[in-house]
Structures are given as C-alpha cells and as structure tokens.
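# Structure at a glance
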Amino acid sequence: MTDELLYELRDGVGYVTFNRPQARNALTFAMYDGLAEVCRSAAEKGPEDGGAKALVICGAGDKAFAAGTDISQFRAFETPQDGIDYENHMEEVFEALDRCPLPTVAAVHGACTGGGAAIAATCDIRIATRDLKFGFPIARTLGNCLSARNLARLEALLGAG
C-alpha cells in the first residue's frame, strides 16, 4: 500500500481512499495494484475475526472520486504491445474488484472518469453526490477506445439503449 491509496477498517467496514486530491485522484499503476490486492485479500479475515463486512471506495478531497489513470503513467510506453499489456492488466484489476467476496460500494463525488468510472461501474453499488461528472473521455484524451469488457459493464448498468 502507498500513501496514495489508503485502507482503513472502521466499524467493520473497509474504506479504500484514492489519496491524490492534488491530481483529482488520478490513479497510478501502484494504486490500481493496491486496490486489486485489497479486493483479493478481503476475505482472508471474516467479520468475526475483525475483518471487513464491506468495502467502500472513495476519493480524497472535494473535487473527484478518481479522474482516471494519471496520463504520466503512459510516458514509458514505447510499443503497441505496451498498450495491450496495460489493458490486460487493467482487466485483472477490475476482475479482482468484480470478484471481491465483500459488497463493494463506490462513494462517488466530483469527477469520476476513465479508470475511476470503470472502478465505479464495477462496484456492486454506486452512491453519488449531485456534483458527479461521470464519463469516459478516453478517445479525446488518449486517442484510445473503451475496452470491450468495460463497455459491457456499462451496458449491463445502463442498458443497450
């Protein structure tokens, strides 16, 4: 775990906080990996042993839940394979969240875009404030497209229409 991804257990609820408010909680690769690890280890201790009964995922500060992947993370990419490997790794992260044995709640406020929106879409429940700005601006920001799996997650939530 890094200072950029916090985990705290309070009253039987595990709180995962994206802690980069100065960057609208844009996610680093280490933050994604930390989230996946929290999800994978969530069932190691049951509530009767002091473990969490549910996970709440939120963003620090008042501007954003998570503004997607920090674009600076892509500077080291040199080949098309780097992009493919990134998408495959992100799918592993979202699968860890999807398969988490605990109920997962996205407590969403402000900007919730890109990878942040994919995280929220993967959670079991989404609770949002009125200032929510939800979207996938990936084509405009990176010239990429939404992965087929994340598109399917959205379609399951919103319907094909």
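Just so we're clear, the structure is a prediction, and the values are computed from it rather than from any experiment. (Residues numbered from 1 in each chain as written. Predicted model: local features only at pLDDT ≥ 70, side-chain atom pairs only at ≥ 80, totals over all residues. Heavy atoms only, no water.)

## What to know about the pairing of strand S2 (residues 13-18)
This is how it is decided: Strand pairing is defined by DSSP finding a minimum of two bridges between the two strands. Secondary structure counts use DSSP, requiring at least four H or I residues in a row for a helix and at least two E residues in a row for a strand, with both numbered from the N terminus.
One ladder, built from six bridges, connects strand S1 (residues 5-10) with S2; its direction is antiparallel. Note on S2: the bridge partner recorded for Leu6 is Thr17. Here S1 folds back onto S2 in antiparallel fashion, the turn holding two residues, of which Asp11 has a positive phi close to 50°. Bridge analysis of S2 against strand S3 (residues 54-59) gives six bridges, and the strand direction is parallel.

## Overview of the sheet that holds strand S8 (residues 133-135)
Basically, it comes down to this: Every axis corresponds to a line fitted to the C-alpha atoms, with the helix fit spanning only the stretch in contact, and the corresponding angles, defined between N-to-C directions, vary from 0 to 180 degrees. Whether two residues are in contact is decided by their heavy atoms, any of which lying within 4.5 Å being enough.
Strand order in the open sheet formed by three strands is S4-S6-S8, and the pairing between neighbours is parallel. Edge positions in the open sheet fall to strand S4 (64-66) and S8, since each of these has one partner strand only. Sheet twist, expressed as the average angle between the axes of neighbouring strands with direction ignored, equals 15°. When S4 meets strand S6 (residues 111-113), the two strands line up parallel, connected through two bridges. By the bridge assignment, Ala64 is partnered in S6 with Ala111. Strand contacts of helix H3 (residues 115-122): S4, S6 and S8, with the helix running at about 85° to S6, the strand carrying the most contacts.

## A short note on unusual backbone geometry
Applicable threshold: Only protein chains enter the accessibility calculation, which uses a 1.4 Å probe; a residue whose area is less than 20% of its type maximum is buried, one above 50% is exposed, and one in between is partly exposed.
A positive phi angle is found at Asp11, which is not glycine, with a value near 50°. Relative to the assigned elements, Asp11 resides in the loop between S1 and S2. For Asp11, a relative accessible area of 80% corresponds to the exposed category. Unlike most non-glycine residues, Asn25 shows phi in positive territory, near 60°. Tracing the backbone shows Asn25 in the loop between S2 and helix H1 (29-41). When its relative accessible area of 0% is taken as the criterion, Asn25 is described as buried.

## A look at the nonpolar core
Rules: Working definition of a nonpolar core: buried Ala, Val, Leu, Ile, Met, Phe, Trp, Tyr and Cys residues. They are joined through side-chain atoms within 4.5 Å.
By size, the foremost hydrophobic cluster in this structure holds 33 residues, and its most contacted members are Phe18, Ile57, Phe65 and Ile119. Breaking this core down by element, the ones donating at least two residues are S2, H1, S3, S4, helix H2 (80-98), strand S5 (104-108) and H3. Those residues in contact with Ile119, other than ones at most four positions away along the chain, are Phe18, Leu27, Tyr32, Leu35, Ile57, Phe65, Phe94 and Leu97.

## So, the packing of H2 against H3
Basically, it comes down to this: Reported orientations rely on four angle classes, namely roughly parallel under 35 degrees, roughly antiparallel over 145, roughly perpendicular from 65 to 115, and oblique for the rest. Crossing chirality is assigned from the near helix's rotation relative to the far helix, an anticlockwise turn below a right angle marking it left-handed and a clockwise turn marking it right-handed. Lys, Arg, Asp and Glu make up the charged group, whereas Ala, Val, Leu, Ile, Met, Phe, Trp, Tyr, Cys and Pro make up the nonpolar group; the residues left over, Gly among them, are polar.
Relative orientation of the contacting elements H2 and H3 amounts to 30°, with a least axis distance of 9 Å. In terms of axis orientation, H2 runs roughly parallel to H3. As for how H2 packs across H3, the hand of that crossing is right-handed. Seen from H2, the contacting residues are Phe94, Leu97 and Asp98; seen from H3, they are Gly115, Ala118, Ile119 and Thr122. Considered class by class, the residues forming the contact of H2 with H3 number four nonpolar, two polar and one charged.

## Some details on the pairing of S3
We count it as follows: A crossover gets the label right-handed when its path from the first strand over the helix to the second runs clockwise, viewed with the strands pointing away from the viewer.
Burial analysis of S3 places six of its six residues in the buried class, which makes it a mostly covered element. Side chains Ala54, Val56 and Cys58 of S3 all project onto a buried face; the interleaved residues Leu55, Ile57 and Gly59 project onto the opposite face, where all are buried too. For the segment spanning S2, H1 and S3, crossover handedness is right-handed. Note: S3 against S5, four bridges, orientation parallel. Of the residues in S5, the one forming a bridge with Cys58 is Ala107.

## Considerations on the pattern of salt bridges
Side chains bearing opposite charge may pair, as long as their charged atoms lie close to each other. Put simply, the rule is: Throughout this description, the term salt bridge denotes a Lys or Arg side-chain nitrogen within 4 Å of a carboxyl oxygen of Asp or Glu.
This model, assessed by the stated rule, comprises four salt bridges. Among the salt bridges present, the one from Glu4 reaches Arg20, with a minimum N-O distance of 3.6 Å. On the criterion of sequence distance, the pair formed by Glu4 in the segment before S1 and Arg20 in the loop between S2 and H1 is long-range, its members being 16 residues apart. Overall, Arg20 belongs to the buried group, its relative accessible area being 10%. Here Asp70 and Arg20 are joined by a salt bridge, their closest N and O atoms 2.9 Å apart. With Asp70 in the loop between S4 and H2 and Arg20 in the loop between S2 and H1, this pair connects stretches of sequence that are 50 residues apart. One salt-bridge network, held together by shared partners, links Glu4, Arg20 and Asp70.

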